[in-house]
Amino acid sequence: MSDSHTGFDSRTFTGGALTGAGFVAAGMVGALQAAANANERAWADWDRVRLEAALTLSELLKNHAIERAETAETELMSSSVSQ
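These lines cover the structure that appears in this document, whether it is placed above or below.

1. Digging into the packing of aromatic side chains
A ring pair, where both rings are aromatic, is described by two values, the distance of the centres and the angle of the planes.
Then comes step 1: Under the defined criterion, the tally for this structure stands at two aromatic pairs.
Then comes step 2: Pairing F8 with F13 gives two aromatic rings, centres 5.5 Å apart and planes at 50°, and the pair type is tilted.
Then comes step 3: Its relative accessible area of 45% is what places F8 among the partly exposed residues.
Then comes step 4: For the ring pair W43 and W46, a centre distance of 5.4 Å and an interplane angle of 50° mean the geometry is tilted.
Then comes step 5: Assessed through its relative accessible area of 48%, W43 is described here as partly exposed.
Then comes step 6: Residue classification places W46 among the partly exposed positions, given a relative accessible area of 31%.
Then comes step 7: The side chain of R50 reaches across the aromatic face of W46, ending 4.4 Å from its centre.

Shown next, in the form of structure tokens:
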């Protein structure tokens, strides 16, 4: 018991805070471990051929987007010049 008029016991409070922090930390570690396991399972069946195909598709999509942007820019510039 403390001499405070509120009856606040700092040792009990500190013990409770440390216990609570431990539970929060354990929950976070568990969630991170579950996420890591899910990520590992998601990539487990990806082999080199699939990865290369995904990369090729990504490059094609990027190049297509660049071509569309360049075409739109050219059309915009030619329409503003003719006005």
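After that view, the rundown keeps rolling.
2. Let's talk about helix 1 (residues 10-43)
Then comes step 1: For helix 1, spanning 34 residues, the distance from its first C-alpha to its last is 49 Å, which sits close to the expected 50 Å at 1.5 Å a residue.
Then comes step 2: Of the residues flanking the start of helix 1, the one acting as N-cap is D9, its side-chain oxygen 3.2 Å from the backbone nitrogen of R11.

3. A short note on a nonpolar patch on the surface
Then comes step 1: A cluster of nonpolar side chains, contributed by W43, W46 and L51, occupies part of the molecular surface with about 300 Å² of accessible area.
Then comes step 2: When you line up the elements, W43 lands in helix 1.

4. A word on the pattern of salt bridges
Once the charged atoms of two side chains with opposite charge are near each other, the side chains can pair.
Then comes step 1: For the structure shown, the criterion picks out four salt bridges.
Then comes step 2: Here R50 and D45 are joined by a salt bridge, their closest N and O atoms 3.3 Å apart.
Then comes step 3: Classification of R50 as partly exposed rests on a relative accessible area of 38%.
Then comes step 4: A salt bridge links E52 to R48; its shortest N-O distance comes to 2.9 Å. In this pair, E52 and R48 are both assigned in helix 2 (residues 48-81), four residues apart and thus about one turn of the helix distant.

5. With respect to the environment of S10
Then comes step 1: Tracing the chain through its elements places S10 in helix 1.
Then comes step 2: Spatially, the C-alpha atoms of S10 and T56 are 62 Å apart, while their sequence positions differ by 46 residues.

6. Looking at the environment of G30
Then comes step 1: Tracing the chain through its elements places G30 in helix 1.
Then comes step 2: With relative accessibility at 37%, the residue G30 sits in the partly exposed group.
Then comes step 3: Note: C-alpha distance between G30 and R68 (38 residues apart in sequence) is 45 Å.

Reading guide: rules and limits
- Residues numbered from 1 in each chain as written.
- Predicted model: local features only at pLDDT ≥ 70, side-chain atom pairs only at ≥ 80, totals over all residues.
- Heavy atoms only, no water.
- Phe/Tyr/Trp six-rings, centres within 6.5 Å; stacked < 30°, edge-to-face > 60°.
- Buried < 20%, exposed > 50% of the residue type's maximum accessible area, 1.4 Å probe, protein only.
- Lys NZ or Arg CZ within 6 Å of the ring centre and 35° of its normal.
- Helix = DSSP H or I, 4+ residues; strand = E, 2+ residues; numbered from the N terminus.
- Expected span 1.5 Å × (residues − 1).
- Polar contact = N/O pair within 3.5 Å; in protein donor to acceptor, adjacent residues only side chain to side chain.
- Patch = residues over 30% accessible without salt bridge, like charges linked within 9 Å, V, L, I, M, F, W, Y side chains within 5 Å.
- Areas by Shrake-Rupley, 256 points an atom, 1.4 Å probe, with all protein chains shown as cover.
- Salt bridge = Lys/Arg side-chain N within 4 Å of Asp/Glu carboxyl O.

Bear in mind that shape data such as this cannot, by itself, settle questions of function.
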